[in-house]
Amino acid sequence: MSMHTPSPESGGMILRPVGFVRSSVQEPFLVSDRDGISMREGPDASRDHVRSVKEAVSEIVIDENRIALLDGIEEYSHVTVLYWGHKVPEESRSVDRVHPMGRTDIPKTGIFSTCSPARPNPVLATVVALHARRGNVLEVTGLDAVDGSPVIDIKPYVLAQYPKGGVRIPAWMEGLMNEVGERRA
């Protein structure tokens, strides 16, 4: 499986997946098109989906020819997974602004200010808990990727590389995170 744009000589990039995701998530809970994004099943079902993904076990299957990439990974409790949003339609990649999470009660904002999968290049990232490694397979929880998503890269989650204070997020994002957290409790 290869995703690519024009050759490096022409100023393009070439991405080659290192593996893929095995997940119970068959369809993204956010639907995107040229007009933006919307929730597939409404706010309550979408919140339930977000909660269930946090607890669901998924697998990241690395190409057996690249198994050495995983040496030492089991020493980490968490990893950051970068994957390709392969179910994001091409027309969604030209969307510049969306209502976050498809919520029309939140004003539209620029794609780069959201975690929306509708992006010019649907490179998505999630920090997951790493539970086990079996050969070329990582067992994780918290992966919101759709089954079959190509994995582009995996990086160890090292807390010291992230700010410990002074982090600010918009009120609407904090509200969305609180809603999911409140429902989980």
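Everything below is about the structure shown above.
Source: prediction; values computed, not measured.

Draft legend 1. Quick look at the overall build of the protein. For the protein, the helix and strand inventory stands at 2 helices and 12 strands. N-terminal to C-terminal, the α/β element order of the protein is β-β-β-β-β-α-β-β-β-β-β-β-β-α. Restricting to contacts in the protein with at least 6 residues of sequence separation, those with at least 24 account for 73%. Total accessible area on the protein is roughly 10,900 Å²; 51% of this is exposed by carbon and sulfur atoms.

Draft legend 2. Molecular detail of the nonpolar core. Of all hydrophobic cores here, the largest spans 18 residues; its most connected members are Ile60, Val81, Leu138, Leu143 and Ile154. At the level of elements, strand S6 (57–62), strand S7 (78–84), strand S10 (123–134), strand S11 (137–141) and strand S12 (150–156) are the ones that each hand at least two residues to this core. Non-local contacts of Val81, meaning those with residues more than four positions away in its chain, are made with Ile60, Leu124, Ala125, Thr126, Val128, Leu143, Val151 and Asp153. Judged by nonpolar contacts, the second largest core, of 6 residues, contains Leu30, Val98, Ile111 and Ala118.

Draft legend 3. How the structure looks around the sheet that holds S11. Around the barrel, 6 strands lie side by side as S3-S6-S11-S10-S7-S12; this closed barrel has antiparallel pairing. For this sheet, the mean inter-axis angle between neighbouring strands, taken without regard to orientation, is 45°. Pairing geometry for S6 and S11, over 5 bridges, is antiparallel. By the bridge assignment for S11, Val57 is matched with Thr141.

Draft legend 4. Region of the structure containing unusual backbone geometry. With a phi angle near 60°, Met101 is a residue other than glycine that sits in the positive phi range. Topologically, Met101 is positioned in the loop between strand S8 (97–98) and strand S9 (109–110). The class for Met101 is partly exposed, based on a relative accessible area of 23%.

Draft legend 5. Structural context of the packing of aromatic side chains. On inspection of all chains with the given rule, the structure shows 1 aromatic pair. Each ring, one from Tyr157 and one from Tyr162, has its centre 4.9 Å from the other, and the planes form 15°; the classification is stacked.

Draft legend 6. Expanded view of the pattern of salt bridges. Under the counting rule described, the total for this entry stands at 8 salt bridges. The closest approach of N and O atoms between Glu179 and Arg103, which form a salt bridge, is 2.9 Å. One end of the pair, Glu179, is in helix H2 (residues 171–184); the other, Arg103, is in the loop between S8 and S9, with 76 residues separating them in the sequence. Residue Glu139 pairs with Arg134 through a salt bridge whose shortest N-O separation is 3.1 Å. According to the relative accessible area criterion, Glu139 is partly exposed, its value standing at 25%.

The rules behind these values
- Residues numbered from 1 in each chain as written.
- Predicted model: local features only at pLDDT ≥ 70, side-chain atom pairs only at ≥ 80, totals over all residues.
- Heavy atoms only, no water.
- Helix = DSSP H or I, 4+ residues; strand = E, 2+ residues; numbered from the N terminus.
- Contact = heavy atoms within 4.5 Å.
- Areas by Shrake-Rupley, 256 points an atom, 1.4 Å probe, with all protein chains shown as cover.
- Core = buried A, V, L, I, M, F, W, Y, C linked by side-chain atoms within 4.5 Å.
- Buried < 20%, exposed > 50% of the residue type's maximum accessible area, 1.4 Å probe, protein only.
- Pairing = 2+ DSSP bridges.
- Axes fitted to C-alpha atoms, helices over the stretch in contact; angles between N-to-C directions.
- Phe/Tyr/Trp six-rings, centres within 6.5 Å; stacked < 30°, edge-to-face > 60°.
- Salt bridge = Lys/Arg side-chain N within 4 Å of Asp/Glu carboxyl O.

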